[in-house]
Amino acid sequence: MRQRKLVDLDERMANLAEYIDKDGTVHKGKWREVFESRDSDSDSDSDSNGELCLELGCGKGKFIYEMARDNPDRNLIGIEGQESVIVRAAEKLKREPLPNVYLVSTYVRDIRDYFEEGELDGIFLNFSDPWPKARHAKRRLTYHENLKGYMEVLRPGGFIEFKTDNDGLFEFTLEEIEELGYPVDEISRDLHADGLDSARFTTEYEEKFIKKGAKIKYVRIIKE
Ligand SMILES: C[S@@+](CC[C@H](N)C(=O)[O-])C[C@H]1O[C@@H](n2cnc3c(N)ncnc32)[C@H](O)[C@@H]1O
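Residues numbered from 1 in each chain as written. Predicted model: local features only at pLDDT ≥ 70, side-chain atom pairs only at ≥ 80, totals over all residues.

Student: How would you sum up the nonpolar core? Please name residues and give values.
Tutor: Formed by 46 residues in total, the largest nonpolar core has its most connected members in Val101, Leu103, Leu120 and Ile123. Looking at this core, the element that brings in the most residues is helix α4 (residues 83-95), giving six residues. Beyond its immediate stretch of four places on either side in the chain, Ile123 contacts Cys53, Leu54, Leu56, Tyr150, Leu154 and Ile160. (Core = buried A, V, L, I, M, F, W, Y, C linked by C-beta atoms within 7 Å. Buried ≥ 20, exposed ≤ 12 C-beta atoms within 10 Å, placed from the backbone. Helix = DSSP H or I, 4+ residues; strand = E, 2+ residues; numbered from the N terminus. Contact = placed C-beta atoms within 7 Å.)

Student: Any chance you could break down the site of the ligand for me, citing the residues and the numbers?
Tutor: The local shell around the ligand holds 20 residues, among which Gly57, Gly59, Gly81, Phe127 and Thr203 are the closest. Elements with a contribution of two residues or more to the shell around the ligand: β3 (74-80) and α8 (204-211). Among the elements that take part in the shell around the ligand, α8 stands out by supplying three residues, more than any other. In the shell around the ligand, the residues fall into nine nonpolar, seven polar and four charged. (Near = placed C-beta within 6 Å. Nonpolar A, V, L, I, M, F, W, Y, C, P; charged D, E, K, R; others polar.)

Student: Please give an account of the packing of helix α5 (residues 144-153) against helix α6 (residues 167-180) that cites residues and values.
Tutor: Between α5 and α6, whose axes approach to 10 Å, the crossing angle comes to 60°. By the angle between their directions, the pair α5 and α6 is classed as oblique. Crossing angle aside, the handedness with which α5 passes α6 is right-handed. Contacts from His144, Leu147 and Lys148 of α5 reach α6 at Glu176, Ile177, Glu179 and Leu180. Broken down by class, the residue content of the contact of α5 with α6 amounts to three nonpolar, one polar and three charged. (Axes fitted to C-alpha atoms, helices over the stretch in contact; angles between N-to-C directions. Parallel < 35°, antiparallel > 145°, perpendicular 65-115°, else oblique. Left-handed = near helix turned anticlockwise from the far one by under 90°.)

Student: Describe the pairing of strand β5 (residues 120-126), naming the residues involved and giving the relevant values.
Tutor: Along β5, six of the seven residues are buried, which leaves the element largely enclosed by surrounding structure. Here strand β2 (residues 51-56) runs beside β5; their pairing, made up of three bridges, is parallel. What sits directly across from Glu55, in β5, is Phe124. When β5 meets strand β6 (residues 154-164), the two strands line up parallel, connected through six bridges. Bridge pairing in β6 links Leu125 to Phe162. Read as a crossover between parallel neighbours, the route from β5 over α5 to β6 is right-handed. (Pairing = 2+ DSSP bridges. Right-handed = clockwise from strand over helix to strand, strands pointing away.)

In C-alpha coordinates:
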(Lines give C-alpha, C1' and ligand atoms only; values in the text may rest on other atoms or scores of the structure.)
Protein backbone atom coordinates (compact mmCIF):
# COMPACT_ATOMS: atom_id res chain seq x y z
CA MET A 1 0.00 0.00 0.00
CA ARG A 2 1.28 3.44 -0.98
CA GLN A 3 2.28 5.47 2.11
CA ARG A 4 1.82 9.22 2.31
CA LYS A 5 5.10 11.11 1.79
CA LEU A 6 6.48 12.19 5.16
CA VAL A 7 6.80 16.00 5.39
CA ASP A 8 10.46 15.81 6.42
CA LEU A 9 11.33 12.84 4.21
CA ASP A 10 13.95 14.52 2.04
CA GLU A 11 15.85 15.80 5.05
CA ARG A 12 15.66 12.43 6.83
CA MET A 13 16.84 10.59 3.72
CA ALA A 14 19.75 13.01 3.32
CA ASN A 15 20.81 12.37 6.93
CA LEU A 16 20.71 8.64 6.32
CA ALA A 17 22.62 8.61 3.06
CA GLU A 18 25.32 6.28 4.40
CA TYR A 19 22.70 3.70 5.44
CA ILE A 20 20.62 3.57 2.26
CA ASP A 21 21.86 2.83 -1.23
CA LYS A 22 19.80 4.09 -4.12
CA ASP A 23 21.25 1.99 -6.91
CA GLY A 24 21.55 -1.71 -6.14
CA THR A 25 22.28 -2.56 -9.78
CA VAL A 26 25.92 -1.45 -9.43
CA HIS A 27 26.56 -4.34 -7.03
CA LYS A 28 25.24 -7.01 -9.40
CA GLY A 29 27.62 -9.99 -9.17
CA LYS A 30 29.63 -8.25 -6.41
CA TRP A 31 27.36 -8.40 -3.38
CA ARG A 32 29.74 -10.58 -1.40
CA GLU A 33 32.47 -7.98 -1.89
CA VAL A 34 30.13 -5.34 -0.45
CA PHE A 35 29.88 -7.32 2.79
CA GLU A 36 33.59 -8.27 2.72
CA SER A 37 34.61 -4.63 2.75
CA ARG A 38 32.35 -4.02 5.75
CA ASP A 39 33.81 -7.04 7.58
CA SER A 40 37.29 -5.66 7.34
CA ASP A 41 36.05 -2.30 8.69
CA SER A 42 34.34 -3.80 11.72
CA ASP A 43 35.35 -5.99 14.67
CA SER A 44 31.97 -7.75 14.86
CA ASP A 45 31.22 -11.47 14.38
CA SER A 46 29.77 -10.96 10.92
CA ASP A 47 30.97 -13.27 8.15
CA SER A 48 31.10 -12.13 4.54
CA ASN A 49 31.44 -15.76 3.44
CA GLY A 50 28.13 -16.58 5.07
CA GLU A 51 24.77 -16.84 3.37
CA LEU A 52 23.63 -13.97 1.16
CA CYS A 53 19.88 -13.39 1.32
CA LEU A 54 17.41 -10.78 0.11
CA GLU A 55 14.12 -9.52 1.48
CA LEU A 56 12.24 -7.92 -1.39
CA GLY A 57 9.79 -5.31 -0.09
CA CYS A 58 11.41 -5.14 3.35
CA GLY A 59 9.14 -2.36 4.61
CA LYS A 60 10.35 -0.80 7.87
CA GLY A 61 12.96 -3.55 8.27
CA LYS A 62 11.90 -5.38 11.46
CA PHE A 63 12.27 -8.85 9.97
CA ILE A 64 15.59 -8.32 8.24
CA TYR A 65 17.03 -6.45 11.20
CA GLU A 66 16.13 -9.05 13.82
CA MET A 67 17.22 -11.93 11.61
CA ALA A 68 20.57 -10.24 10.93
CA ARG A 69 21.15 -9.51 14.63
CA ASP A 70 20.58 -13.18 15.55
CA ASN A 71 22.51 -14.55 12.55
CA PRO A 72 25.79 -12.65 12.16
CA ASP A 73 26.86 -15.22 9.55
CA ARG A 74 23.93 -14.33 7.27
CA ASN A 75 24.24 -11.21 5.13
CA LEU A 76 20.90 -9.61 4.38
CA ILE A 77 19.97 -7.15 1.68
CA GLY A 78 16.68 -5.31 2.14
CA ILE A 79 15.11 -3.72 -0.92
CA GLU A 80 12.11 -1.44 -0.55
CA GLY A 81 10.38 0.69 -3.17
CA GLN A 82 8.96 3.38 -0.88
CA GLU A 83 11.30 5.90 0.70
CA SER A 84 8.72 6.82 3.37
CA VAL A 85 8.94 3.24 4.60
CA ILE A 86 12.62 2.30 4.22
CA VAL A 87 13.60 5.49 6.02
CA ARG A 88 12.47 3.76 9.24
CA ALA A 89 14.65 0.74 8.55
CA ALA A 90 17.63 3.02 8.00
CA GLU A 91 16.94 4.92 11.23
CA LYS A 92 16.97 1.60 13.09
CA LEU A 93 20.30 0.78 11.46
CA LYS A 94 21.73 4.17 12.37
CA ARG A 95 20.73 3.69 16.03
CA GLU A 96 22.15 0.15 16.18
CA PRO A 97 24.45 -0.50 13.20
CA LEU A 98 24.71 -4.06 11.90
CA PRO A 99 27.40 -4.82 9.30
CA ASN A 100 25.36 -7.69 7.83
CA VAL A 101 22.38 -5.54 6.75
CA TYR A 102 22.40 -3.51 3.54
CA LEU A 103 19.42 -1.40 2.49
CA VAL A 104 18.51 -0.37 -1.03
CA SER A 105 15.77 2.12 -1.80
CA THR A 106 14.47 1.17 -5.22
CA TYR A 107 11.43 -0.33 -6.90
CA VAL A 108 12.48 -3.62 -8.52
CA ARG A 109 11.01 -4.52 -11.90
CA ASP A 110 13.38 -7.35 -12.80
CA ILE A 111 15.45 -8.96 -10.07
CA ARG A 112 18.04 -9.97 -12.68
CA ASP A 113 19.06 -6.31 -12.94
CA TYR A 114 20.32 -6.53 -9.35
CA PHE A 115 21.77 -10.03 -8.97
CA GLU A 116 23.89 -12.34 -11.09
CA GLU A 117 22.75 -15.85 -11.85
CA GLY A 118 23.20 -18.04 -8.75
CA GLU A 119 24.36 -15.12 -6.57
CA LEU A 120 21.81 -15.46 -3.75
CA ASP A 121 21.27 -18.18 -1.15
CA GLY A 122 17.75 -17.15 -0.27
CA ILE A 123 14.89 -14.73 -0.95
CA PHE A 124 12.20 -13.67 1.50
CA LEU A 125 8.90 -12.27 0.24
CA ASN A 126 6.92 -11.14 3.26
CA PHE A 127 3.36 -9.85 3.02
CA SER A 128 3.82 -8.72 -0.54
CA ASP A 129 1.14 -6.38 -1.89
CA PRO A 130 -1.79 -8.59 -3.01
CA TRP A 131 -2.86 -6.59 -6.10
CA PRO A 132 -6.31 -8.26 -5.97
CA LYS A 133 -7.56 -7.12 -9.39
CA ALA A 134 -6.92 -9.72 -12.10
CA ARG A 135 -5.60 -7.08 -14.48
CA HIS A 136 -2.84 -6.28 -11.96
CA ALA A 137 -1.68 -9.90 -11.60
CA LYS A 138 1.68 -9.13 -13.25
CA ARG A 139 2.48 -6.71 -10.44
CA ARG A 140 2.30 -9.44 -7.79
CA LEU A 141 5.79 -10.35 -6.62
CA THR A 142 4.87 -14.02 -7.00
CA TYR A 143 3.66 -13.68 -10.61
CA HIS A 144 5.33 -16.54 -12.52
CA GLU A 145 7.68 -14.28 -14.52
CA ASN A 146 8.94 -12.82 -11.23
CA LEU A 147 9.33 -16.28 -9.68
CA LYS A 148 11.40 -17.35 -12.70
CA GLY A 149 13.68 -14.36 -12.18
CA TYR A 150 14.17 -15.18 -8.48
CA MET A 151 15.01 -18.78 -9.36
CA GLU A 152 17.66 -17.59 -11.80
CA VAL A 153 19.48 -15.47 -9.23
CA LEU A 154 19.40 -18.25 -6.61
CA ARG A 155 22.14 -20.85 -6.34
CA PRO A 156 21.08 -24.50 -6.65
CA GLY A 157 19.73 -25.45 -3.22
CA GLY A 158 18.77 -21.82 -2.52
CA PHE A 159 15.30 -21.01 -1.23
CA ILE A 160 12.34 -18.67 -1.61
CA GLU A 161 10.18 -18.19 1.47
CA PHE A 162 6.83 -16.48 1.09
CA LYS A 163 4.53 -15.40 3.92
CA THR A 164 1.14 -13.70 3.67
CA ASP A 165 -2.14 -13.18 5.49
CA ASN A 166 -3.94 -13.00 2.15
CA ASP A 167 -5.76 -16.18 1.03
CA GLY A 168 -6.18 -15.02 -2.58
CA LEU A 169 -2.51 -14.16 -3.01
CA PHE A 170 -1.47 -17.40 -1.31
CA GLU A 171 -3.59 -19.61 -3.58
CA PHE A 172 -2.43 -17.62 -6.63
CA THR A 173 1.19 -18.14 -5.56
CA LEU A 174 0.70 -21.89 -5.12
CA GLU A 175 -0.82 -22.07 -8.61
CA GLU A 176 2.13 -20.16 -10.11
CA ILE A 177 4.59 -22.46 -8.30
CA GLU A 178 2.76 -25.55 -9.55
CA GLU A 179 2.60 -24.22 -13.11
CA LEU A 180 6.37 -23.71 -13.06
CA GLY A 181 6.90 -27.19 -11.60
CA TYR A 182 8.89 -26.00 -8.59
CA PRO A 183 8.70 -28.54 -5.76
CA VAL A 184 7.27 -27.26 -2.47
CA ASP A 185 9.65 -27.90 0.41
CA GLU A 186 7.45 -26.67 3.27
CA ILE A 187 3.93 -25.26 3.48
CA SER A 188 1.57 -24.11 6.22
CA ARG A 189 -1.78 -22.37 6.29
CA ASP A 190 -1.24 -21.43 9.93
CA LEU A 191 2.48 -20.84 10.37
CA HIS A 192 2.40 -19.78 14.01
CA ALA A 193 0.10 -22.59 15.18
CA ASP A 194 2.30 -25.09 13.33
CA GLY A 195 5.37 -23.65 15.08
CA LEU A 196 7.63 -23.84 12.05
CA ASP A 197 11.09 -22.27 12.10
CA SER A 198 9.93 -19.48 9.81
CA ALA A 199 7.62 -18.21 12.54
CA ARG A 200 10.67 -17.06 14.50
CA PHE A 201 11.24 -13.71 12.83
CA THR A 202 8.14 -11.62 12.23
CA THR A 203 7.51 -8.51 10.14
CA GLU A 204 5.57 -5.36 10.99
CA TYR A 205 2.60 -6.53 8.90
CA GLU A 206 2.77 -10.01 10.41
CA GLU A 207 2.51 -8.61 13.97
CA LYS A 208 -0.46 -6.52 12.90
CA PHE A 209 -2.28 -9.48 11.33
CA ILE A 210 -1.50 -11.84 14.22
CA LYS A 211 -3.08 -9.32 16.61
CA LYS A 212 -6.22 -9.36 14.44
CA GLY A 213 -6.31 -13.17 14.71
CA ALA A 214 -5.36 -13.84 11.06
CA LYS A 215 -3.68 -17.09 10.10
CA ILE A 216 -0.35 -16.60 8.39
CA LYS A 217 0.16 -18.66 5.25
CA TYR A 218 3.66 -19.76 4.35
CA VAL A 219 5.40 -21.66 1.56
CA ARG A 220 9.04 -22.46 0.94
CA ILE A 221 10.45 -23.63 -2.37
CA ILE A 222 13.98 -24.75 -3.16
CA LYS A 223 15.92 -24.34 -6.38
CA GLU A 224 16.91 -27.78 -7.61
C1 LIG B 1 2.55 -4.84 2.41
S2 LIG B 1 4.15 -4.22 2.57
C3 LIG B 1 4.97 -5.40 3.63
C4 LIG B 1 6.24 -4.88 4.22
C5 LIG B 1 7.04 -5.86 5.08
N6 LIG B 1 7.60 -6.93 4.26
C7 LIG B 1 6.18 -6.43 6.17
O8 LIG B 1 5.80 -7.60 6.07
O9 LIG B 1 5.92 -5.72 7.15
C10 LIG B 1 4.88 -4.59 0.99
C11 LIG B 1 6.07 -3.72 0.71
O12 LIG B 1 6.72 -4.19 -0.45
C13 LIG B 1 7.17 -3.07 -1.19
N14 LIG B 1 7.30 -3.50 -2.60
C15 LIG B 1 6.34 -4.04 -3.36
N16 LIG B 1 6.80 -4.30 -4.60
C17 LIG B 1 8.11 -3.93 -4.60
C18 LIG B 1 9.13 -3.93 -5.59
N19 LIG B 1 8.90 -4.42 -6.81
N20 LIG B 1 10.34 -3.45 -5.27
C21 LIG B 1 10.57 -2.97 -4.03
N22 LIG B 1 9.65 -2.93 -3.04
C23 LIG B 1 8.43 -3.41 -3.33
C24 LIG B 1 6.09 -2.02 -0.98
O25 LIG B 1 6.58 -0.72 -1.20
C26 LIG B 1 5.69 -2.27 0.47
O27 LIG B 1 6.38 -1.45 1.37
